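Residue-level listing of the chains:
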Amino acid sequence: MFPPLAGRKPSGATLAAFRRALLQWFAAKRRALPWRKSRDPYHIWVAEIMLQQTRIAAVIPYYEQFLERFPTIAELARSDEAEVLGLWSGLGYYQRARNLQRAAREIVELHGGKFPRDAEVARTLPGIGVYTLAAVLSIAYGKPLAALDGNIARVLARLGAVRSPLRDPQTRRKLQEEAQRLLASGNPGDWNQAFMELGETVCTPRAPRCEECPMARWCRARGMELQNEIPTKRILREGIRVTLAAAVLCDPRGETLLLRSPGRHDAVLFSRLRQFPAIEIIGDMRDGVREEAKPRATTQIRNYLRDELGLPKLLKKSFRQLPALRHAVTFRDVVLLPVLVRVARLPRHSEGEAVPLQDVPHMPISSATRKIARAALTALAGSSNQARN
Ligand code: SF4
């Protein structure tokens, strides 16, 4: 697969030159990222979990704040989930934070508070997949495990001019084998990081900078002028359109109701965190963002508030439609139709909690809930300015 090695066993000298070129490049070009100051497995683990699906620049402040509050696995294990989620608030994919804490508790209970060195044992921890396992164990403990993330897979595919889609399980398996074969086993932590760094800074998804690349002489895609065609584009799954109406109840004290369980919709849409009462709008809502769709949403959410939250029949003027919001969750294209509802008293609900509306954007909630809260606060601020003028 890999060019100088394709179809035959590579000579030791070729492999050595290849490894030396990448490691020397990394030694000269490595970025000073906060998690690179440490070999503590806990620090590396937290960074790797935060970096999943998230840009480095976005992760840095969260990483620093998180470790300041939870400097050890033991501190994380004995903290409240709400506090952990609070520090994670804004990073998204909250299941990562929940798993991190569950794993910390397991490490304290079963492994003496130390991240396990044994790959078989570490693999059983919540949220630890093959990639995270290899990254943490190679960087922290020098275990000869090749990590294969999206960046490394792309670089390997270009080096070998692999044209099958990277998500194809067979291709993935072959790339994993290739990564393991190329691994500089004397320095696996730096090797894995060097490959990732190359993918992040030089062999980027678009317009790779081959002229700066330490691997250019071995790169088959470059030789064939295919670097911009590889990896093969995935056929994108068509996004599913979901339309949700969400009710921001507001009582005279400025309090609103958040629910701990989802309404009539997929729980994943609000990251399984506290949320405003919401329902998926039934019926043909392809016109979800159009003005004429909003009254339909208001009628359905009104019925929901009456039937499931026990709100007495409210006058039409208690409802104010807010601007529609777009929100993307994995392959779902969500249209949010928020409605501000003035109530004399918030309903009581076993899964509900009354909180000041102005505090909601600062709570551990999904970004969709935050968008809705901000839209409601903007509308309320607009109304009170109008009343004053
Ligand atoms: S030569 Fe270009 S395509 Fe090949 S690995 Fe380097 S940056 Fe990527």
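Novice: If you had to explain the overall build of the protein chain to someone new, which residues and values would you point to?
Specialist: Counting its secondary structure elements, the protein chain contains 14 helices and 7 strands. Going through the 389 residues of the protein chain one by one, you find that 52% of them count as buried. A sequence separation of at least 24 residues applies to 67% of the contacts in the protein chain between residues at least 6 apart. Split by element, the accessible area of the protein chain, about 19500 Å² in all, is 50% carbon and sulfur.

Novice: Lay out the packing of aromatic side chains with the relevant residues and their values.
Specialist: If you walk through the whole model with that rule in mind, you get 8 aromatic pairs. Taking 5.4 Å as the distance between ring centres and 75 degrees as the angle between the ring planes, the aromatic pair formed by Phe-18 and Trp-218 counts as edge-to-face. In this pair, Phe-18 sits in helix H1 (residues 12-29) while Trp-218 sits in the loop between helix H11 (188-201) and helix H12 (220-223), placing the two residues 200 residues apart along the sequence. Owing to a relative accessible area of 1%, Phe-18 belongs among the buried residues under this scheme. The exposure class of Trp-218 is buried, given its relative accessible area of 8%. Three or more aromatic residues joined by ring pairs make a cluster, and in this case those are Phe-18, Trp-191, Phe-195 and Trp-218.

Novice: Could you give me a rundown of the packing of helix H2 (residues 41-51) against helix H8 (residues 130-141), with the residues and numbers involved?
Specialist: Closest axis-to-axis distance for the H2/H8 pair is 9 Å, and the angle between their directions is 150 degrees. Once H2 is placed against H8, the crossing between them reads as right-handed. Of the residues in H8, those touching H2 at Pro-41, Ile-44, Trp-45, Glu-48 and Ile-49 are Tyr-131, Thr-132, Ala-135, Val-136, Ile-139, Ala-140 and Tyr-141. Looking at the contact of H2 with H8, its residues break down into 10 nonpolar, 1 polar and 1 charged.

Novice: Pulling in residues and values, what's your account of the pattern of salt bridges?
Specialist: In this structure the tally under the stated criterion is 16 salt bridges. Measuring nitrogen to oxygen at the nearest pair gives 3.0 Å for the salt bridge that ties Arg-31 to Glu-197. Residue Arg-31 is found in the loop between H1 and H2, and its partner Glu-197 is found in helix H11; the two are separated by 166 residues along the sequence. The class of Arg-31 is partly exposed, set by a relative accessible area of 28%. By relative accessible area, Glu-197 is classed as buried at 1%. Notably, a salt bridge pairs Arg-181 with Glu-178, separated by 3.1 Å at the nearest N-O pair. Remark: Glu-178 and Arg-181 occur in helix H10 (residues 169-182); sequence separation between them is 3 residues, near one turn of the helix. The exposure class of Arg-181 is partly exposed, given its relative accessible area of 35%. What emerges from the salt-bridge pattern is a single network uniting Arg-31, Arg-36, Glu-197 and Glu-200.

Novice: How would you summarise the packing of H2 against helix H6 (residues 95-110) if you had to cite specific residues and measurements?
Specialist: One can describe the packing of H2 onto H6 by two numbers: an axis separation of 10 Å at closest approach and a directional angle of 155 degrees. In terms of orientation, H2 lies roughly antiparallel with respect to H6. As for how H2 packs across H6, the hand of that crossing is right-handed. Only Arg-96, Leu-100, Ala-103, Ala-104 and Ile-107 of H6 make contact with H2, whose side of the interface consists of Trp-45, Val-46, Ile-49, Met-50 and Leu-51. Tallied by class, residues from the contact of H2 with H6 come to 9 nonpolar, no polar and 1 charged.

Novice: I'd like a rundown of helix H5 (residues 81-88), residues and numbers included.
Specialist: Taken together, the buried positions of H5 are occupied by Val-84, Leu-85, Leu-87 and Trp-88. Looking straight down H5, one finds its buried side chains confined to an arc of 160 degrees; they lie on one side. Among the structural elements, H2, helix H3 (56-69), helix H4 (73-77) and H6 are those in contact with the buried residues of H5. A positive phi of about 105 degrees marks Gly-90, the residue just after H5.

Novice: So what about H3? Which residues, and what values?
Specialist: Under the 1.5 Å per step criterion, the end-to-end length of H3 is 20 Å for 14 residues, consistent within 8% with the ideal 20 Å. Those residues of H3 lying buried are Ile-56, Val-59, Tyr-62, Tyr-63, Phe-66 and Leu-67. Its buried side turned inward, H3 meets H2, H4, H5, H6 and H11.

Novice: I'd like a description of the pairing of strand E2 (residues 255-259), backed by residues and values.
Specialist: Within E2, 5 of the 5 residues are buried, which leaves it mostly tucked inside the rest of the structure. Residue alternation in E2 divides its side chains into two sets, Glu-255, Leu-257 and Leu-259 and Thr-256 and Leu-258, and both sets are buried. As paired elements, E2 and strand E7 (residues 352-356) share 5 bridges and run antiparallel to each other. Its bridge partner lying in E7, Glu-255 is registered against Pro-356.

Novice: Tell me about the side chain of Arg-158, residues and numbers included.
Specialist: With respect to the helices and strands, Arg-158 occurs in helix H9 (residues 150-159). No salt bridge is formed by the buried Arg-158. Its closest oppositely charged neighbour is Glu-229, at 9.5 Å. Residues in contact with Arg-158, not counting those within four places in the same chain, are Cys-203, Thr-204, Pro-205, Pro-208, Cys-219, Arg-220, Ala-221, Gln-227, Ile-230 and Pro-231.

Novice: Please provide a residue-by-residue account of unusual backbone geometry, values included.
Specialist: Cis geometry marks the peptide bond from Ile-230 to Pro-231; its omega dihedral reads 0 degrees. Considering the arrangement of structural elements, one finds Pro-231 in the loop between H12 and strand E1 (240-250). Phi is positive for Glu-225, close to 55 degrees, though the residue is something other than glycine. In this fold, Glu-225 is placed in the loop between H12 and E1. What makes Glu-225 exposed here is its relative accessible area of 67%.

Parameters and conventions
Residues numbered from 1 in each chain as written. Predicted model: local features only at pLDDT ≥ 70, side-chain atom pairs only at ≥ 80, totals over all residues. Heavy atoms only, no water. Helix = DSSP H or I, 4+ residues; strand = E, 2+ residues; numbered from the N terminus. Buried < 20%, exposed > 50% of the residue type's maximum accessible area, 1.4 Å probe, protein only. Contact = heavy atoms within 4.5 Å. Areas by Shrake-Rupley, 256 points an atom, 1.4 Å probe, with all protein chains shown as cover. Phe/Tyr/Trp six-rings, centres within 6.5 Å; stacked < 30°, edge-to-face > 60°. Axes fitted to C-alpha atoms, helices over the stretch in contact; angles between N-to-C directions. Left-handed = near helix turned anticlockwise from the far one by under 90°. Nonpolar A, V, L, I, M, F, W, Y, C, P; charged D, E, K, R; others polar. Salt bridge = Lys/Arg side-chain N within 4 Å of Asp/Glu carboxyl O. Parallel < 35°, antiparallel > 145°, perpendicular 65-115°, else oblique. Arc of directions from axis to C-beta. Expected span 1.5 Å × (residues − 1). Pairing = 2+ DSSP bridges. Lys, Arg positive; Asp, Glu negative; His and termini not counted.

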